There are 2 protein chains.
Amino acid sequence: MNIGDVSRLSGLPAKTIRYYEDIGLVEPLRSSNGYRAFRESDLHKLAFLGRARSLGFTIDDCRNLLKLYEDRDRASADVRQIALGHLDRIDEKLAELAAMRETLSHLVEACAGDHRPDCPILADLAAEEGERPVEKHRTARNAH
Amino acid sequence: MNIGDVSRLSGLPAKTIRYYEDIGLVEPLRSSNGYRAFRESDLHKLAFLGRARSLGFTIDDCRNLLKLYEDRDRASADVRQIALGHLDRIDEKLAELAAMRETLSHLVEACAGDHRPDCPILADLAAEEGERPVEKHRTARNAH
DNA sequence: AGTAATGGTTCCACCCACTGGAAGGTCAAG
DNA sequence: CTTGACCTTCCAGTGGGTGGAACCATTACT
């Protein structure tokens, strides 16, 4: 299989597949003309990667998951651990976004959105600390 | 004010402030010794930027918000437009993350997490299209 | 006067996970 | 024999910073 075939079958852009080879996630063979020659197992790996990435696992997670995927004797607890860690990250992100949404939607509601120059959104962004109504997620600013 | 002062007062790292100067968000003066000399107005801008960024506005959004912030005659509708656009992005992100969370938490629940090598998480990631239970967010994979 | 601590400066490289594009080689069809 | 689809490599850029090296300025303490 050439890269175009695995791209269609896996749903990953060819560029991404080359990149995955670059960083050592797949190691396709080479044909005599220099083209990458993908085996069935490479396709499986790439499809696996596509699904894991679409679930938001980092490349590093994927590397570990792939190792476990290829290890016949792995313990399911290891995989569960990675998934649980990822679930925590998702929950953090969700909470952060929900807090942003809260604040921002309040501001948008308060804004007339007409031709007058008064705008509570800008007023809030410009306000000194302590002048704003309580906003829980402000603490998230330095939590990067 | 030197960069350390505005850093402390705005809560932004000095590196970030230099970066913001680089990309033209602030234009501090210079002292005779080459140090950046920040005015009160620069500090206000930086604090404004910090708050807008903490709400998840992109740098480009910030650039526009700053322009409006400095324009005495702007219409509040313009600001509202930017905020509404951002709110949409937040909602999309939220939906995507919630769908991921759903799928992943189902998988984690189904996984025994013991010493046996059977793992429904890996099984799902490896499954062919159509072999998996319905998962709404799969469509989000190409929606980047 | 020396020196150490604590600022400040520039510049260059790196992070993640790709993506775009240029310049060129290969292959099947008409 | 050319057209067009496909493949190759390599270099650069994205966003939003962050880390570090190498060096200058200021202040405080001996």
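Scope of this entry: the structure provided in the associated data block. These figures come from a predicted structure and were not determined experimentally.

1. Notes on the overall build of chain A
Inference 1: Secondary structure assignment for chain A yields six helices and two strands.
Inference 2: Starting at the N terminus and ending at the C terminus, chain A contains elements arranged as α-α-β-β-α-α-α-α.
Inference 3: The burial tally for chain A puts 43% of its 144 residues in the buried class.
Inference 4: Counting contacts in chain A only where the partners sit at least 6 residues apart, residues at least 24 apart contribute 41% of the total.
Inference 5: Here chain A has roughly 8,100 Å² of accessible surface; of this, 50% comes from carbon and sulfur atoms.

2. Quick notes on the interface of chain A and chain B
Inference 1: Counting residues at the interface gives 60 residues for chain A and 59 residues for chain B.
Inference 2: Between chain A and chain B, the buried area comes to about 5,000 Å², and carbon and sulfur atoms account for 67% of it.
Inference 3: Run the count over chain A and chain B and you get two salt bridges.
Inference 4: Measuring nitrogen to oxygen at the nearest pair gives 2.5 Å for the salt bridge that ties Arg-101 of chain B to Asp-91 of chain A.
Inference 5: At the junction of chain A with chain B, the criterion picks out nine residue pairs in polar contact (both at pLDDT 80 or more).
Inference 6: Residue assignment for the side of chain A that touches chain B shows that the elements contributing at least two residues are helix 3 (40-54), helix 4 (59-70), helix 5 (76-110) and helix 6 (120-126) of chain A.
Inference 7: With 20 residues, helix 5 of chain A is the largest single contributor of residues to the side of chain A that touches chain B.
Inference 8: Partitioning the side of chain A that touches chain B into residue classes produces 29 nonpolar, 14 polar and 17 charged.

3. Regarding the protein's contact with DNA strand D
Inference 1: Taken together, the neighbourhood of DNA strand D is formed by 19 residues, with Gly-4 and Arg-36 of chain A together with Lys-15, Thr-16 and Arg-53 of chain B sitting nearest.
Inference 2: Put simply, the parts of the chain that give the surface near DNA strand D at least two residues each are helix 1 (3-10) and helix 2 (14-22) of chain A together with helix 2 (14-22) of chain B.
Inference 3: Counting residues per element, the surface near DNA strand D draws most heavily on helix 2 of chain B, at four residues.
Inference 4: Among the residues forming the surface near DNA strand D, the class breakdown is seven nonpolar, six polar and six charged.

4. Quick look at the relation of the copies chain A and chain B
Both copies of the chain are related through a single rotation about an axis accompanied by a shift along the same axis.
Inference 1: Superposing chain A onto chain B takes a rotation of 180° combined with a translation of 0.0 Å along the rotation axis, leaving an RMSD of 0.1 Å. In the structure described here, the two chain copies are related by an operation that fits a two-fold rotation axis. No C-alpha of chain A approaches the rotation axis more nearly than that of Leu-94 of chain A, which lies at 3.2 Å.
Inference 2: With an isologous cut-off of 70% or more, the 98% of interface residues of chain A that recur at the interface of chain B puts this contact in the isologous class.

5. Things to note about the protein's contact with DNA strand C
Inference 1: The environment of DNA strand C is formed by 19 residues, the closest being Lys-15, Tyr-20 and Arg-53 of chain A together with Gly-4 and Arg-36 of chain B.
Inference 2: The sugar and phosphate moieties of DNA strand C supply 65% of its atoms located within 4 Å of the protein.
Inference 3: Side-chain polar atom of Thr-16 of chain A to a phosphate oxygen of DNA strand C: 2.9 Å apart, as the coordinates give it.
Inference 4: Here a phosphate oxygen of DNA strand C and a side-chain polar atom of Arg-18 of chain B are 3.2 Å apart.
Inference 5: At the level of secondary structure, the elements contributing two or more residues to the surface near DNA strand C comprise helix 2 of chain A together with helix 1 (3-10) and helix 2 of chain B.
Inference 6: Per-element tally for the surface near DNA strand C: the top contributor is helix 2 of chain A, with four residues.

6. Topic: the packing of aromatic side chains
Inference 1: Tallied over the full model, the rule gives four aromatic pairs over all chains.
Inference 2: Arranged with centres 6.0 Å apart and planes meeting at 45°, the rings of Tyr-19 of chain A and Tyr-20 of chain A form a pair that is tilted.
Inference 3: Taking relative accessible area as the criterion, Tyr-19 of chain A reaches 44% and is therefore assigned partly exposed.
Inference 4: For Tyr-20 of chain A, a relative accessible area of 5% corresponds to the buried category.
Inference 5: Taking the centre distance of 4.5 Å and the plane angle of 20° together, the rings of Phe-48 of chain B and Tyr-69 of chain B count as stacked. Highlighted residues: Phe-48 of chain B in helix 3 (residues 40-54) and Tyr-69 of chain B in helix 4 (residues 59-70), separated in sequence by 21 residues. As far as burial versus exposure is concerned, Phe-48 of chain B and Tyr-69 of chain B are alike and both buried.

Rules of the game
- Residues numbered from 1 in each chain as written.
- Chains lettered and ligands numbered in written order.
- Predicted model: local features only at pLDDT ≥ 70, side-chain atom pairs only at ≥ 80, totals over all residues.
- Heavy atoms only, no water.
- Helix = DSSP H or I, 4+ residues; strand = E, 2+ residues; numbered from the N terminus.
- Buried < 20%, exposed > 50% of the residue type's maximum accessible area, 1.4 Å probe, protein only.
- Contact = heavy atoms within 4.5 Å.
- Areas by Shrake-Rupley, 256 points an atom, 1.4 Å probe, with all protein chains shown as cover.
- Buried area = accessible area lost by both parts, 1.4 Å probe.
- Salt bridge = Lys/Arg side-chain N within 4 Å of Asp/Glu carboxyl O.
- Polar contact = N/O pair within 3.5 Å; in protein donor to acceptor, adjacent residues only side chain to side chain.
- Nonpolar A, V, L, I, M, F, W, Y, C, P; charged D, E, K, R; others polar.
- Near = heavy atom within 4 Å.
- Least-squares fit on C-alpha atoms with pLDDT ≥ 70 in both.
- Phe/Tyr/Trp six-rings, centres within 6.5 Å; stacked < 30°, edge-to-face > 60°.

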